[in-house]
Amino acid sequence: MTVSSSRDPAILVIHGPNLNLLGTREPQIYGSTTLAEVNQELHALAAEHGAQIEAIQSNHEGVLVDRIQAASGKVDYIIINPAAFTHTSVAIRDALAAVNIPFVEVHLSNIHQRETFRHHSYFSDRAVGVICGLGPEGYRAALRFVLQKMSLWT
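The structure displayed is predicted, hence computed values, not measured ones.

S.K.: Help me understand helix α4 (residues 90-99) in this model?
M.R.: Turn by turn, an α-helix covers 3.6 residues, leaving residues three or four places apart pointing in a common direction. Taken as a whole, α4 has its buried residues at Ile92, Ala95, Leu96 and Val99. Along the axis of α4, the buried residues cluster in a sector spanning 95°; they form a single face. The secondary structure elements touched by the buried residues of α4 are α3 (61-70), β3 (77-81) and β4 (103-107). Measuring from the side-chain oxygen of the N-cap residue of α4 to the backbone nitrogen of isoleucine 92 gives 2.9 Å; that N-cap residue is serine 89. Looking one or two places after α4, you find asparagine 100, whose phi comes out positive at around 55°.

S.K.: What should I look at first to understand the environment of tyrosine 30 in this one?
M.R.: Relative to the helices and strands, tyrosine 30 is located in helix α1 (residues 27-30). Measuring from C-alpha to C-alpha, the distance between tyrosine 30 and leucine 12 comes to 22 Å, with 18 residues separating the pair along the chain.

S.K.: I'm lost on the sheet that holds strand β2 (residues 52-57) in this one. Help?
M.R.: Strands belonging to one sheet form pairs held by backbone hydrogen bonds; the direction of such a pair is parallel or antiparallel. Ordered in space as β2-β1-β3-β4-β5, the five strands form an open sheet in which the pairing is parallel. Looking at strand neighbours, the two that pair on one side only are β2 and β5 (129-132), the edges of this open sheet. When strand polarity is set aside, the average angle formed by the axes of neighbouring strands in this sheet is 15°. Bridge analysis of β4 against β5 gives four bridges, and the strand direction is parallel. Pairing of glutamate 105 across the sheet is with valine 130, part of β5.

S.K.: Honestly, the packing of helix α2 (residues 35-48) against helix α5 (residues 137-149) in this entry has me stumped. Any pointers?
M.R.: A pair of packed helices can be characterised by two numbers: the angle between their axes and the separation between those axes. Between α2 and α5, the shortest axis-to-axis distance is 10 Å and the interhelical angle comes to 20°. As the angle between them shows, α2 and α5 are arranged roughly parallel. The element α2 and its partner α5 pack so that their crossing is right-handed. Residues Val38, Glu41, Leu42, Leu45 and Ala46 of α2 pack against Tyr139, Arg140, Leu143, Arg144 and Leu147 of α5. Of the residues contributing to the contact of α2 with α5, the split by class is seven nonpolar, no polar and three charged.

Here is what the cut-offs are and how they apply
Throughout this document, residue positions are counted from 1 along each chain, in the order its sequence is written. Totals for whole chains, interfaces and linings use all residues, but because this is a predicted model, local features are given only for residues with pLDDT of at least 70 and pairs of side-chain atoms are given and counted only at 80 or more. Where side-chain values are given, they derive from all heavy atoms of the structure, hydrogens and water being excluded. When accessible area is computed with a 1.4 Å probe and restricted to protein chains, residues below 20% of their type maximum are described as buried, those above 50% as exposed, and intermediate ones as partly exposed. Helix and strand definitions here come from DSSP, where helices need a minimum of 4 consecutive H or I residues and strands a minimum of 2 consecutive E residues; each element is numbered from the N-terminal end. Of all possible arcs, the one meant is that of the directions from the helix axis to the C-beta atoms. Residue contacts are defined here by distance: any two heavy atoms, one from each residue, within 4.5 Å place the two residues in contact. Pairing of N or O atoms within 3.5 Å defines a polar contact, subject to two protein rules: one partner must be a possible hydrogen donor and the other a possible acceptor, and residues neighboring in sequence count only if both atoms are side-chain atoms. By this definition, two strands are paired if DSSP reports at least two bridges between them. In this analysis an axis means a line fitted to C-alpha atoms, helices contributing only their contacting stretch, and an angle means the value between N-to-C directions, from 0 to 180 degrees. Here roughly perpendicular refers to angles of 65 to 115 degrees, roughly parallel to angles under 35, roughly antiparallel to angles over 145, and oblique to all remaining angles. By convention the crossing between two helices is left-handed if the near helix lies anticlockwise of the far one by an angle smaller than a right angle, and right-handed if it lies clockwise. Gly counts as polar in this scheme, as do all residues outside two lists: the nonpolar Ala, Val, Leu, Ile, Met, Phe, Trp, Tyr, Cys and Pro, and the charged Asp, Glu, Lys and Arg.

Written out as structure tokens, the structure reads:
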């Protein structure tokens, strides 16, 4: 789905629960880069290629569902790190399916090297791509992929 070309291409970046603690939460797993630094880099890279980024973080599932629903007709792509909701949220999965906006699933850690309950994602089978284990570089890789799909990356 591509939205009208009468505006700059729009990408919604969704950060799930506890990602507001990046930089201080378990740095041996998630690294020392803060969420503000991740978002700043994404904004700069998108702007460099003529796209707009809106980033949202919430620890509340309903807030994320509401924002996904509001994206319908206004957003070209979604980059989502559902965090703990990866393994539990049918509601977020259903919202993504309902708006039919292509999305890339991102995880800072390699969820397949972690606890068994983290191996299953409710999103991966619907995502156009899944990136895990690359730390903050995973977000940049997802954005480069999205920009390329939108013919903005050269």
